[in-house]
Amino acid sequence: QVQLVESGGGLVQPGGSLKLSCATSGLIFGVYDLGWYRQAPENARELVASLTGGRHTNYPDSVKGRFTISRDNDKRILYLEMRDLEPDDTAVYYCNARLRDVSYWGQGTQVTVSS
């Protein structure tokens, strides 16, 4: 079975930093496009970082310069480094692996940015 398991979420103050991890199993890590999404209550799920073609990264303007996506191919772990966090970053964060028309999701990890 393909499994993606996020960890590293928690409560941080505005301006703080957090690093999320997504441990994967059951898939050939190197052939999937990878990404991080987030969903706040009553909001649509939105892409916050992608790693495609094995090397290319992309970020929306809302997080550009603050979030960094990376991976460890040996450990098959996807990371999201977040800094200068803002209250609007509060959401459940999900990792995603996609290959053509097949997409896999983790269970999500809560990130709360509050004083």
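## Topic: the packing of aromatic side chains
Phase 1: All chains considered together, the criterion is met by 2 aromatic pairs.
Phase 2: Pairing Y37 with W105 gives two aromatic rings, centres 4.8 Å apart and planes at 65 degrees, and the pair type is edge-to-face. With Y37 in strand β4 (residues 33–39) and W105 in strand β10 (residues 102–105), this residue pair connects regions lying 68 residues apart in the sequence.
Phase 3: Take Y37: its relative accessible area is 22%, and that puts it in the partly exposed class.
Phase 4: Positioned over the ring face of Y79 is K19, at 4.5 Å from the centre of the ring.
Phase 5: Of note, R45 hangs over the ring of W105, and the distance from its end group to the ring centre comes to 4.6 Å.

## Focus on the environment of G53
Phase 1: Here G53 lies in the loop between β5 (46–52) and β6 (56–58).
Phase 2: Taking relative accessible area as the criterion, G53 reaches 59% and is therefore assigned exposed.
Phase 3: Along the sequence, G53 and M82 sit 29 residues apart, while their C-alpha atoms lie 22 Å from each other.

## Examining the nonpolar core
Phase 1: L20, W36, F67, L78, L80, M82 and Y93 are the most contacted members of the largest nonpolar core, which has 28 residues in total.
Phase 2: Here this core takes 4 residues from strand β9 (residues 91–99), the largest share from any one element.
Phase 3: Setting aside its immediate chain neighbours within four residues, L78 contacts L20, S21, C22, F29, L34, G35, W36, L51, I69, S70, R71 and C95.

## Thoughts on the pairing of strand β1 (residues 3–7)
Along a regular strand, successive side chains alternate from one face of the sheet to the other.
Phase 1: Only one face of β1 is covered, namely the one carrying L4 and E6; the face carrying Q3, V5 and S7 has none of its residues buried.
Phase 2: Direction of pairing for β1 relative to strand β3 (residues 18–25): antiparallel, over a ladder of 5 bridges. Paired with E6 across the two strands is C22, which belongs to β3.

Parameters and conventions
- Residues numbered from 1 in each chain as written.
- Predicted model: local features only at pLDDT ≥ 70, side-chain atom pairs only at ≥ 80, totals over all residues.
- Heavy atoms only, no water.
- Phe/Tyr/Trp six-rings, centres within 6.5 Å; stacked < 30°, edge-to-face > 60°.
- Helix = DSSP H or I, 4+ residues; strand = E, 2+ residues; numbered from the N terminus.
- Buried < 20%, exposed > 50% of the residue type's maximum accessible area, 1.4 Å probe, protein only.
- Lys NZ or Arg CZ within 6 Å of the ring centre and 35° of its normal.
- Core = buried A, V, L, I, M, F, W, Y, C linked by side-chain atoms within 4.5 Å.
- Contact = heavy atoms within 4.5 Å.
- Pairing = 2+ DSSP bridges.

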